[in-house]
Amino acid sequence: MTEATKKLQYTLIIMKPDALVKSLTGNILARFLEARLRIIGAKVVKVSRELVELHYAHLIDEPFFDDLYEYFSGKTYGPDYERVLVFVYEGEDAISKVRRIAGATNPLEADPISIRGAYGRINKKGVMENVIHCSDSEESAKKEICLWVDPDEIIKEIYPTKKVIKNNYEVIEWA
Ligand code: IDP
Ligand code: MG
């Protein structure tokens, strides 16, 4: 792709509980360095059932959804691992660059040197434990960033916002 056609994009990366169990956080951050992107937001989240249902709305009718919830919420690994690390990255063609480094959804089919190929597995219940989530399009990146991150948790106003009054305080929300 030429310089002229490259596009500034935003993408959501989530280090899933298995990334934490396997102590891969530093390693994964290092892998994304090669894409020359910038982190514009980062936080730790304890994942609720409601959040999983919203994030994986396209999978809610799948027979593996309950097992996917157990995995993504960290319940598979116990209370110490009921958390994920959430990052918003920005950069030229960020979405496809991150997906390439992450690898295919199924860790058994992913490039062996991709993150998912190197560190993922399919667990006893058949869930693809693939270490990280990353947005797959600009449309899903916007939906996911607005779901996981409040406007004041990132250093730039990347999408339109609005001011609302809550408990007598003015707060900024995604429009
Ligand atoms: P993606 O994470 O590569 O975007 P999606 O199809 O959006 O892939 O699926 C979300 C997550 O659900 C996957 O990362 C994986 O953990 C799990 N998953 C998806 N399809 C299957 C399946 O057929 N069996 C088991 N787990 C699956
Ligand atoms: Mg997806």
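Only a predicted model underlies this, so the values are computations on that prediction, with no experimental measurement involved. Throughout this document, residue positions are counted from 1 along each chain, in the order its sequence is written. The naming scheme follows written order: chains are lettered A onward, ligands numbered 1 onward. Note on the predicted model: pLDDT of at least 70 is required for a residue's local features to be given, and 80 or more for side-chain atom pairs to be given and counted; whole-chain, interface and lining totals, by contrast, use all residues. Excluded from the side-chain calculations are hydrogens and water; all other atoms, namely the structure's heavy atoms, are used.

Draft legend 1. Structural context of the site of ligand 1. Nearness is defined per residue: one heavy atom within 4 Å of the molecule or strand is enough. Neighbouring ligand 1 are 13 residues; His58, Thr105, Arg116, Met128 and Asn130 lie closest to it. Residues adjacent in sequence count toward polar contacts only when both atoms are side-chain atoms; beyond that, a polar contact is any pair of N or O atoms within 3.5 Å, and within protein one must be able to donate a hydrogen and the other to accept it. Within the side chain of Arg116, one N or O atom sits 3.0 Å away from an oxygen atom of ligand 1. Areas reported as accessible are Shrake-Rupley estimates using a 1.4 Å probe. Residue values count occlusion only from the protein chains shown. Protein coverage of the free-state accessible area of ligand 1, which is 530 Å², stands at 82%. The residue makeup of the shell around ligand 1, split by class, is six nonpolar, four polar and three charged. Classification convention: Asp, Glu, Lys, Arg as charged; Ala, Val, Leu, Ile, Met, Phe, Trp, Tyr, Cys, Pro as nonpolar; all other residues, Gly among them, as polar.

Draft legend 2. A look at the pattern of salt bridges. A pair is scored as a salt bridge if a Lys or Arg side-chain nitrogen falls within 4 Å of a carboxyl oxygen belonging to Asp or Glu. Counted according to the given criterion, the structure contains twelve salt bridges. A salt bridge links Arg31 to Glu34; the shortest N-O distance between them is 3.8 Å. Between buried and exposed lies partly exposed: a residue is buried under 20% and exposed over 50% of the maximum accessible area for its type, with that area taken using a 1.4 Å probe on protein chains only. Residue Arg31 is classed as partly exposed on the basis of its relative accessible area, which comes to 21%. Salt-bridge contacts for Asp66 lead to Arg49; the nearest nitrogen and oxygen are separated by 3.0 Å. Here the residue Asp66 occupies a position in helix α4 (residues 65-72), and Arg49 occupies one in helix α3 (residues 49-55), the gap between them amounting to 17 residues. With a relative accessible area of 46%, Asp66 lands in the partly exposed category. Judged by its relative accessible area of 31%, Arg49 falls in the partly exposed class. Helix and strand definitions here come from DSSP, where helices need a minimum of 4 consecutive H or I residues and strands a minimum of 2 consecutive E residues; each element is numbered from the N-terminal end.

Draft legend 3. Inspection of unusual backbone geometry at higher detail. Here Arg36, not a glycine, exhibits a phi torsion of approximately 55°, which is positive. Among the structural elements, Arg36 can be located in the loop between α2 (25-33) and β2 (38-45). The residue Asn167 is not glycine, and still its phi comes out positive at about 50°. Within the secondary structure, Asn167 is located in the loop between β7 (161-166) and β8 (169-174). Take Asn167: its relative accessible area is 72%, and that puts it in the exposed class.

Draft legend 4. Here's a closer look at the side chain of His55. Tracing the backbone shows His55 in helix α3. The class for His55 is buried, based on a relative accessible area of 2%. A polar side-chain atom of His55 sits 3.5 Å from a polar atom in the side chain of His133. Within the structure, the side chain of His55 is placed 3.0 Å from the side chain of Trp148, a separation counted as a polar contact. Here a residue-residue contact requires only that any non-hydrogen atoms of the pair lie within 4.5 Å. Residues contacting His55, with those up to four places away along its chain left out, are Ile14, Phe72, His133, Lys143, Glu144, Leu147 and Trp148.

Draft legend 5. Molecular detail of a nonpolar patch on the surface. Grouping into patches uses exposed residues only, defined as over 30% relative accessible area, and leaves out salt-bridged ones; the cut-off is 9 Å for like charges and 5 Å for nonpolar side chains (Val, Leu, Ile, Met, Phe, Trp, Tyr). A surface patch of nonpolar side chains, about 270 Å² in accessible area, is lined by Leu108, Ile122 and Met128. Mapping Leu108 onto the fold places it in the loop between α5 (94-102) and α6 (115-119).

Draft legend 6. Focus on the packing of aromatic side chains. By convention, a stacked pair of Phe, Tyr or Trp rings (six-membered ring in the case of Trp) has centres within 6.5 Å and planes under 30 degrees apart, an edge-to-face pair has planes over 60 apart, and any other such pair is tilted. Going through the model one piece at a time under the given rule, you end up with six aromatic pairs. Their ring planes at 55° and their centres at 6.3 Å tell us that Phe87 and Tyr89 sit as a pair that is tilted. A connected cluster of aromatic rings, assembled from ring pairs, spans Tyr10, Tyr159 and Trp174.

Draft legend 7. Quick look at the environment of Gly74. With respect to the helices and strands, the residue Gly74 is situated in the loop between α4 and β3 (84-92). Taking the relative accessible area as the measure of exposure, Gly74 reaches 0% and is therefore buried. Taking the C-alpha atoms as reference points, Gly74 and Trp174, separated by 100 residues in sequence, lie 28 Å from one another. Sequence-distant contacts of Gly74, defined by excluding residues within four places in its chain, comprise Pro17, Tyr81 and Glu82.

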